[in-house]
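Descriptive structure summary
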Amino acid sequence: MIAMQKARVLAATENAIAEAAAILRAGGLVAFSTETVYGLGADATRDEAVARIFAAKGRPHFNPLIVHVSSLEEAEKFGIFPPQARYLAESFWPGPLTLVVKKRGRVALSPLVTAGLETVALRVPDHEVAQRLLQTAKLPIAAPSANRSGHVSATAAKHVAADFGSSVDLILDSGPCRAGIESSIVSFEGESPMLLRPGAIAREDMEALAGKMITAQSGAKPTAPGMLPSHYAPRARLRLNATVAETGEALLAFGPGAPKGENVLNLSPSGNVIEAAANLFAYLRRLDATGATSIAVMPIPAGGLGEAINDRLRRAAAPRDKS
Ligand code: TXA
Ligand code: MG
């Protein structure tokens, strides 16, 4: 294999953000931090720019992208918000919530962003760098997680560099992501809100405000291919609900009293799912780098962010039909 050209990485200073904004305005690709994971951003209004995201990620074109904007007011230029959706937006934006709503007619978005759907996924991120970038570029930014399609998401600039090399024009480094797991996605396409992807906002917290949400059936409809059965996968196989590692296995541990040792990383020694979510993808990448052929994973509780963690682990463990 030919070695990848190295990525250009800059600390996310005001100057670097200004340069990143100029790159976006010229149709380039910029990776930047959000509070959830790093995003691979491009001008959402330009076909060629958005096409570069799909090419760099190796992402199938039927899989639509999230449009990042600076405020609910901006979001309403692109989507039609029913009252319940507006209520969730007002409660959780800026923050790790993505809302799928009906797309407004004749919006300036590239049709590639929405993969030809009548709906659009919108999010107002709560990270200073993401916000500064949106305000400086003055563009809606289409940004999937900054990982190769199907691979583990990136929660640090070095993860992005490892996946993409110079196929990204610039990586803005602002350290590890706070939440470490992607935004929760709620769709308002149907009668009642549907949780398409559990994420960094616990279902319980949203349901307390918006009432019960239907859960999307995995693989039922290709509307949220982050819901594809195999996704978020390291090179190594995953073995779920393990209590110990077998010979040659690495161990992704959880909670107090978990085994310790070489090739063992504990997501949260105190048993906190918020801490576990923040460590999940970085630890999967680190255990993968040990060269182990299999990673044993201890059980994670189901409540709060545990729902999102277990969702990602199930997909990471699912049989893969291609690389
Ligand atoms: O936290 C996040 O959401 C991160 C950061 C960068 O914002 N982004 C992210 O994007 O996770 P991505 O592309 O990896 O996952 C977005 C998911 C995909 O599963 C996609 O199928 C779904 O959102 N999606 C996008 N538009 C949709 C739509 N109109 N209807 C249903 N699902 C949609
Ligand atoms: Mg992703």
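Here, the structure is the one placed above.
For clarity, every value in this text was computed on a predicted model and none was experimentally measured.

Let's shift gears to the sheet that holds strand 16 (residues 294–297). Strand order in this open sheet of 4 strands is 13-16-14-15, and the pairing throughout is parallel. Of all the strands in the sheet, the pair left with one neighbour each is strand 13 (237–239) and strand 15 (264–266). Between one strand axis and the next, the sheet turns by 20 degrees as a mean value, whatever way the strands run. Bridge count for strand 13 against strand 16 is 3 bridges, and the pairing is parallel. The partner of Arg 239 across the bridge, within strand 16, is Ala 296.

Look at the link from Trp 93 to Pro 94: it is a cis peptide, with omega at -10 degrees. Mapped onto the elements of the fold, Pro 94 is located in the loop between helix 4 (83–92) and strand 6 (97–103). Residues other than glycine seldom take positive phi values, yet Lys 138 does so here, at roughly 50 degrees. Topologically, Lys 138 is positioned in the loop between helix 5 (128–137) and strand 8 (141–142). Residue Lys 138 is classed as exposed on the basis of its relative accessible area, which comes to 68%. For Asn 241, which is not glycine, the phi torsion reads 55 degrees and is therefore positive. Examined against the element boundaries, Asn 241 turns out to sit in the loop between strand 13 and strand 14 (250–253).

Before going further, it helps to spend a moment on the pattern of salt bridges. A side chain with one charge may pair with a side chain of the opposite charge, provided their charged atoms come close. The final tally for this structure, using the stated rule, is 18 salt bridges. A salt bridge links Glu 249 to Arg 239; its shortest N-O distance comes to 2.8 Å. Here Glu 249, found in the loop between strand 13 and strand 14, pairs with Arg 239, found in strand 13; they are 10 residues apart in sequence, far enough to count as distant. The exposure class assigned to Glu 249 is buried, which follows from its relative accessible area of 12%. Across the pair Asp 311 and Arg 312 runs a salt bridge, and its minimum N-O distance is 2.7 Å.

Here is what the cut-offs are and how they apply
Residues numbered from 1 in each chain as written. Chains lettered and ligands numbered in written order. Predicted model: local features only at pLDDT ≥ 70, side-chain atom pairs only at ≥ 80, totals over all residues. Heavy atoms only, no water. Pairing = 2+ DSSP bridges. Helix = DSSP H or I, 4+ residues; strand = E, 2+ residues; numbered from the N terminus. Axes fitted to C-alpha atoms, helices over the stretch in contact; angles between N-to-C directions. Buried < 20%, exposed > 50% of the residue type's maximum accessible area, 1.4 Å probe, protein only. Salt bridge = Lys/Arg side-chain N within 4 Å of Asp/Glu carboxyl O.

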